[in-house]
Amino acid sequence: MTPSSAPRPHRRRIHAAAAALLTAAALSASVPAFADGGAVAPSTDTEAGAAGSKPTVVLVHGAFVDASSWNAVVGRLQSNGYRVIAAPNPLRGLPADSAYIASVLRGVKGPIVLVGQSYGGAVISEAATGNPNVKALVYVSAFMPDKGETLGQLGAKFPGSELNPALVQLPIKNADGSTGTDLYVSPDKFRAVAAADLPEAATSVAAAAQRPISATAFTDKVTSAAWRTIPSWAAVATNDKAISPDLERFQAKRAGSHTVEIDSSHSVMISHPDAITDLILAAARAESGTPALAETGLTTLGRVGAGAAGAMLIAGTGLVAVSRKRSAGRN
């Protein structure tokens with residue numbers, strides 16, 4: 001059920017002629033990282049929490065990738081004057097992951113806009129609970145579970161996902177001697193599930209550079225849903241094969257999120273960084289009292305065209321991308 005206090009959802013559709021992928025290599029850092037490649041702990045200085053300053057944007061990645069998958073968005077946010085932390089998500093299950101991200105948030109002074117992609121959406125829903133500094137939540141082709149739900153149950157609610165049959169199980173032994181299971185996407189199915197509209201050369205690198213996620217992440221029961229009390233924004237990837245677009249729509253409607261729809265694969269923050277940056281900026285500006293979605297007309301149903309082609313290599317992060325903006329305009 002949609003909370004009675006939640007705003008009515010708003011939608012727009014964004015159409016793309018082509019897209020590209022930044023493939024993420026695994027990060028071994030155990031501390032939050034700026035996604036430009038520098039690993040640093042979250043700042044606790046007064047600059048970040050100064051009265052009237054812009055909120056800090058904290059980005060949480062999903063399964064099978066790392067924090068560098070946010071690089072294109074980070075650069076755009078930084079050019080707009082925002083402090084950004086792209087936190088490494090441990091991918092060890094909801095209790096551990098949400099506790100870790102909650103600790104990252106406690107190290108940030110002042111208001112926070114918290115963003116989660118894919119599985120990261122479930123993590124931020126728990127991690128933000130009880131933290132008064134988190135002023136806005138942004139979900140990017142993400143899970144938005146409610147209290148008591150599991151991601152496995154939620155993922156089966158609507159048809160359209162091809163993730164489950166594409167998963168490969170790897171038995172593991174934990175440090176305490178117990179056993180567990182890690183999950184990968186089968187390399188021969190990675191492109192179809194995660195980035196069907198993107199170049200094969202790039203997705204083959206992404207498939208090789210996957211970070212595994214614990215299978216318990218899909219069976220852990222969600223203990224809280226921060227979107228019930230914190231305003232939220234959501235991006236629906238209409239060509240998503242990892243999470244059903246209908247599930248993304250259902251969740252956004254249930255949460256009363258300000259919603260945009262983007263013609264993209266699951267890797268929308270990589271193939272359409274401008275659109276995702278715009279959504280995050282709308283949430284940040286709403287939090288700070290400056291014109292946001294409803295005030296700028298971005299929530300009205302409309303059509304925006306954009307295209308991408310070309311190629312670039314981001315050294316030192318294990319990222320390969322094909323991306324060159326060709327055109328953008330509102331019809």
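Refer to the structure printed above.
1. Quick look at the nonpolar core
Generally speaking, nonpolar side chains in soluble globular proteins are found buried as a group. Counting 53 residues, the largest nonpolar core has L105, L114, Y119, V134, L137, Y139 and I213 as the members making the most contacts within it. Counting residues in hydrophobic clusters, the runner-up holds 31 residues, among them V73, Y82, V260 and I280.

2. Topic: the pattern of salt bridges
Scanning all chains against the criterion turns up six salt bridges. For the salt bridge of R254 with E149, the shortest nitrogen-to-oxygen distance reads 2.8 Å. Taken together, the positions of R254 in helix α7 (residues 245-255) and E149 in the loop between β5 (134-140) and α4 (151-155) put the pair 105 residues apart, joining distant regions of the chain. Its relative accessible area of 6% is what places R254 among the buried residues. Salt-bridge contacts for R249 lead to E261; the nearest nitrogen and oxygen are separated by 2.7 Å. Within this pair, whereas R249 is found in helix α7, its partner E261 is found in strand β10 (residues 258-262), the two being separated by 12 residues in sequence. Judged by its relative accessible area of 22%, R249 is partly exposed. Taken together, the salt bridges that share partners define one network made up of D246, R249 and E261.

3. Describing empty space enclosed by the protein
For the structure on display, the rule yields two cavities of 30 Å³ or more. Along its surface, the second largest cavity is lined by Y139, S141, A142, M144, A234, A235, V236, E248 and Q251. At the level of secondary structure, the elements contributing two or more residues to the lining of the second largest cavity comprise β9 (232-237) and α7. The biggest single contributor to the lining of the second largest cavity is β9, with three residues. Looking at the lining of the second largest cavity residue by residue, the classes come out as six nonpolar, two polar and one charged.

4. Some details on the layout of surface pockets
Looking at the second largest pocket, its volume works out to about 330 Å³. In this structure, the second largest pocket is lined by 19 residues; those nearest its centre are G152, S161, L163, N164 and F218. Of all the secondary-structure elements, those providing two or more residues to the lining of the second largest pocket are α4, β6 (167-173) and β7 (179-185). For the lining of the second largest pocket, the element with the most residues is α4, which contributes three residues. For the lining of the second largest pocket, the class distribution of residues is 12 nonpolar, seven polar and no charged.

5. As for the sheet that holds β6
Ordered in space as β6-β7-β8, the three strands form an open sheet in which the pairing is antiparallel. Edge positions in the sheet fall to β6 and β8 (213-214), since each has one partner strand and no second. Bridge count for β7 against β8 is two bridges, and the pairing is antiparallel. By the bridge assignment, D182 is partnered in β8 with S214.

The rules behind the values
Residues numbered from 1 in each chain as written. Predicted model: local features only at pLDDT ≥ 70, side-chain atom pairs only at ≥ 80, totals over all residues. Heavy atoms only, no water. Core = buried A, V, L, I, M, F, W, Y, C linked by side-chain atoms within 4.5 Å. Buried < 20%, exposed > 50% of the residue type's maximum accessible area, 1.4 Å probe, protein only. Salt bridge = Lys/Arg side-chain N within 4 Å of Asp/Glu carboxyl O. Helix = DSSP H or I, 4+ residues; strand = E, 2+ residues; numbered from the N terminus. 1 Å grid on protein atoms, 1.4 Å probe; cavity = no way out; pocket = protein on both sides within 12 Å on 5 of 7 lines; lining within 4 Å. Points joined across faces, edges and corners; volume = space filled by probe spheres on them. Nonpolar A, V, L, I, M, F, W, Y, C, P; charged D, E, K, R; others polar. Pairing = 2+ DSSP bridges.

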